[in-house]
Amino acid sequence: MDYQKILDEITSQTAYLQGKGEVASYIPELAKVDSHHFGISLHFLEGNHFQLGDAETRFSIQSIAKVFSLSMAIRLLDETIFERVGVEPSGTAFNSLLQLDYEQGIPRNPFINAGALVISDILVSELEQPKQALLAFVRKLSANPEIGFNPAVAASEKLQGYRNTALANLLKSHGNLHNEVEEVLDFYFHLCSIEMSCKELSRTFLVFANHGKIPGTKEEILSTSQAKRLNALMQTCGFYDEAGEFSFTVGLPGKSGVGGGIVAIHPEKYSISVWSPKLNKKGNSVRGMKALELFTTKSGLSVF
Ligand code: DON
């Protein structure tokens, strides 16, 4: 199959969507991004790589980083983390407060903000220098020592972080946040501020397509069973109240972020990442969703 040709076609066939949607302005620093960027990158486990457009420009990966923090927590505490956070799709917005209170402070899953805050709390408890440990982990998975936080994005999110602060306080009131709210939020905002390019993301996520082993070094990051669970969570909860839509149209486990990035994997085959900053109402990249739908349709490479 001519994958470069498929990426070319996808780029031209989704160009009409470039103006659709809005950049995430609730984090003022993200609103400054040039919304015309479009990049796509495809890495196969057997080594081939294809890319197009702004595939090497770094952007704010936002909630995509929650896959890294969840992997770290699973490595540290395995199944026990699921006593504090569920594994069900939320069917609500990623920053919803109502469901959390109704369900007594147990977030539906680790990818909605409340769940990612509980995972952040676990890492703050377990690690001596959690932010440094997080960066070391991501740098190891990506084999790239230059990946880092964007302090301006972290600060911008903190400044406007009313909902996340409310969620953290609500978790604390239900006894499901063990550290100080400020400390957990600081870790969470830095997590979301990590910057990577499509090329770096698709290469890094190969570990999740490879049963939790880093391709090349073969180092085990997650056991086969842990990787299965992580991928299942991406499939069912990676797109919040649009998880069904993503499964329906694209048919891959994946994760989105409000920076406009999406990364998805096909177990034992490949990882693909796309970036286009304008989002739909659910917080997912408009052009990115369509691009991935076209990719699995044209290539026939979905898990279904
Ligand atoms: O907490 C927030 O609202 C952002 N840092 C992350 C949200 C996000 O990326 C949701 N994903 N689509």
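Now for a description of the structure that goes with this document.

About the thresholds
- Position numbers for residues start from 1 in each chain and track the written sequence from start to end.
- Note on the predicted model: pLDDT of at least 70 is required for a residue's local features to be given, and 80 or more for side-chain atom pairs to be given and counted; whole-chain, interface and lining totals, by contrast, use all residues.
- Hydrogens are left out, water is left out, and the side-chain values use all remaining heavy atoms of the structure.
- Only protein atoms enter the 1 Å grid used here, on which a cavity is any set of points holding a 1.4 Å probe that cannot leave and a pocket is any open set flanked by protein within 12 Å on both sides along at least five of seven lines; residues with an atom within 4 Å of a point are listed as lining.
- Grid points are joined across faces, edges and corners, and a volume is the space filled by probe spheres set on the points.
- Classes in brief: Ala, Val, Leu, Ile, Met, Phe, Trp, Tyr, Cys and Pro nonpolar; Asp, Glu, Lys and Arg charged; the others, Gly included, polar.
- Think of a nonpolar core as a cluster: buried Ala, Val, Leu, Ile, Met, Phe, Trp, Tyr and Cys residues, connected wherever their side-chain atoms sit within 4.5 Å.
- Burial classes: relative accessible area under 20% of the type maximum marks a residue as buried, over 50% as exposed, and values in between as partly exposed (1.4 Å probe, protein chains only).
- We call two residues in contact whenever any of their non-hydrogen atoms come within 4.5 Å of each other.
- Following DSSP output, two strands are said to pair if at least two bridges run between them.
- Helix and strand definitions follow DSSP, with helices as H or I runs of at least four residues and strands as E runs of at least two, each counted in order from the N terminus.
- Each axis is a line fitted through C-alpha atoms, and for a helix only the stretch in contact is used; angles between axes span 0 to 180 degrees, taken between their N-to-C directions.
- Residues are labelled near a given molecule or strand when at least one of their non-hydrogen atoms is within 4 Å of it.
- Any pair of N or O atoms that falls within 3.5 Å is considered a polar contact. Within protein, one atom must be able to donate a hydrogen and the other to accept it, and sequence-neighbouring residues count only if both atoms are side-chain atoms.
- Surface exposure here means Shrake-Rupley accessible area, sampled with a 1.4 Å probe, where a residue is shielded only by the protein chains that are shown.
- A molecule is counted as occupying a cavity or pocket when more than half of its atoms fall within 2 Å of that pocket's grid points.

Here we come to empty space enclosed by the protein. Throughout the structure, instances matching the rule amount to 2 cavities of 30 Å³ or more. Each pocket or cavity is described by its volume, and for the largest cavity that value is around 70 Å³. If you trace the largest cavity, you find it lined by Thr92, Ala93, Ser96, Gln99, Leu100, Ile106, Pro107, Arg108, Ile112 and Ala114. By residue class, the composition of the lining of the largest cavity is 6 nonpolar, 3 polar and 1 charged. Empty space within the second largest cavity amounts to approximately 40 Å³.

Quick look at the nonpolar core now. In terms of nonpolar packing, the biggest core is built from 71 residues, with Ile61, Phe68, Phe205 and Phe208 touching the most fellow members. Ignoring any residue separated from it by four or fewer positions in sequence, one finds phenylalanine 208 in contact with Val67, Phe68, Ser71, Leu141, Leu222, Leu230, Asn231, Met234 and Ile265. Of all hydrophobic cores here, the second largest spans 26 residues; its members include Tyr3, Phe44, Ala243 and Val274.

So, on to the sheet that holds strand 3 (residues 59-60). The strand order across the open sheet formed by 3 strands is 3-5-4, and the pairing between neighbours is antiparallel. Only two strands of the sheet have a single partner each, and these edge strands are strand 3 and strand 4 (148-149). Here strand 3 pairs with strand 5 (residues 194-196) via 2 bridges, running antiparallel. When the bridges of strand 5 are listed, phenylalanine 59 appears paired with methionine 196. Contacting strand 3, strand 4 and strand 5, helix 8 (residues 181-192) crosses the sheet at an angle of about 10 degrees to strand 5.

Further remarks concern the environment of glutamate 180. Mapped onto the secondary structure, glutamate 180 falls in the loop between helix 7 (162-173) and helix 8. In sequence terms glutamate 180 and histidine 266 are 86 residues apart; their C-alpha atoms lie 38 Å from each other.

Quick look at the site of the ligand now. Taken together, 14 residues form the shell around the ligand, and within it Tyr26, Gln62, Ser63, Glu157 and Tyr188 come nearest. Residue asparagine 113 places a side-chain N or O atom 3.0 Å away from an oxygen atom belonging to the ligand. Within the backbone of glycine 283, one N or O atom sits 3.5 Å away from a nitrogen atom of the ligand. Against a free-state accessible area of 340 Å², the protein chains account for coverage of 100% of the ligand. More than half of the atoms belonging to the ligand lie within 2 Å of the grid points that define the second largest cavity.

Geometric descriptors of this kind do not, in isolation, establish any biological role.
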